[in-house]
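So the chains spell out like this:
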Amino acid sequence: MSDIRAWRPIIFSCPNTGDRVQGLLPAVASELPADELHSISCAACDGVHFINLQTGAVVSPKGS
Ligand SMILES: [Zn+2]
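As the structure is a prediction and not an experimental result, all values here were calculated from the model.

With that settled, consider a nonpolar patch on the surface. Taken together, the side chains of Leu37, Val48 and Phe50 define a hydrophobic patch exposed on the protein surface, amounting to about 240 Å² of accessible area. Position of Phe50 relative to the elements: it lies in strand β4 (residues 48-52). Given the relative accessible area of 33%, Phe50 is considered partly exposed.

Looking at chain direction, strand β3 (residues 37-41) and β4 are connected through 5 bridges and run antiparallel. By the bridge assignment, Ser41 is partnered in β4 with Val48. Counted between consecutive antiparallel strands, the loop separating β3 from β4 contains 6 residues, among which Asp46 sits at a positive phi close to 65°. Direction of pairing for β4 relative to strand β5 (residues 58-59): antiparallel, over a ladder of 2 bridges. Within β5, the position partnered with Phe50 by the bridge is Val59. Hairpin geometry of β4 and β5 is characterised by an intervening segment of 5 residues between the two adjacent antiparallel strands and by a positive phi of about 75° at Gly56.

So, on to unusual backbone geometry. For Asp46, which is not a glycine, the phi torsion comes out positive at approximately 65°. If you trace the backbone, Asp46 turns up in the loop between β3 and β4. Classification of Asp46 by relative accessible area gives exposed; the value is 73%.

Grouped together as the largest cluster of nonpolar side chains are 9 residues: Ile10, Phe12, Cys14, Val21, Leu25, Ile40, Cys42, Ile51 and Leu53. Counting only elements with at least two residues in this core, the list comes to β1 (7-13) and β2 (20-26). Look past the residues within four positions of Ile51 in its chain and what remains in contact with it is Ile10, Phe12, Leu25, Glu36, Leu37, His38, Ile40, Gly56, Ala57 and Val58.

Cut-offs applied
Residues numbered from 1 in each chain as written. Predicted model: local features only at pLDDT ≥ 70, side-chain atom pairs only at ≥ 80, totals over all residues. Heavy atoms only, no water. Patch = residues over 30% accessible without salt bridge, like charges linked within 9 Å, V, L, I, M, F, W, Y side chains within 5 Å. Areas by Shrake-Rupley, 256 points an atom, 1.4 Å probe, with all protein chains shown as cover. Salt bridge = Lys/Arg side-chain N within 4 Å of Asp/Glu carboxyl O. Helix = DSSP H or I, 4+ residues; strand = E, 2+ residues; numbered from the N terminus. Buried < 20%, exposed > 50% of the residue type's maximum accessible area, 1.4 Å probe, protein only. Pairing = 2+ DSSP bridges. Core = buried A, V, L, I, M, F, W, Y, C linked by side-chain atoms within 4.5 Å. Contact = heavy atoms within 4.5 Å.

Right, dumping it as structure tokens:
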């Protein structure tokens with residue numbers, strides 16, 4: 001069966017505090033659009049950041 005969800009740990013830098021934070025991303029990037037973003041809770045600033053699933057980079061929402 002293929003309904004097992006695998007997760008991969010990542011380390012990202014919190015854009016607010018600059019701290020390195022560990023998080024989990026779904027390891028199913030091949031099924032997702034290239035620009036798919038995953039919201040992740042940040043233990044450093046208690047906020048939510050968006051991670052690009054393809055690159056693992058923190059993406060800042062483009063403000064107006
Ligand atoms: Zn943060």
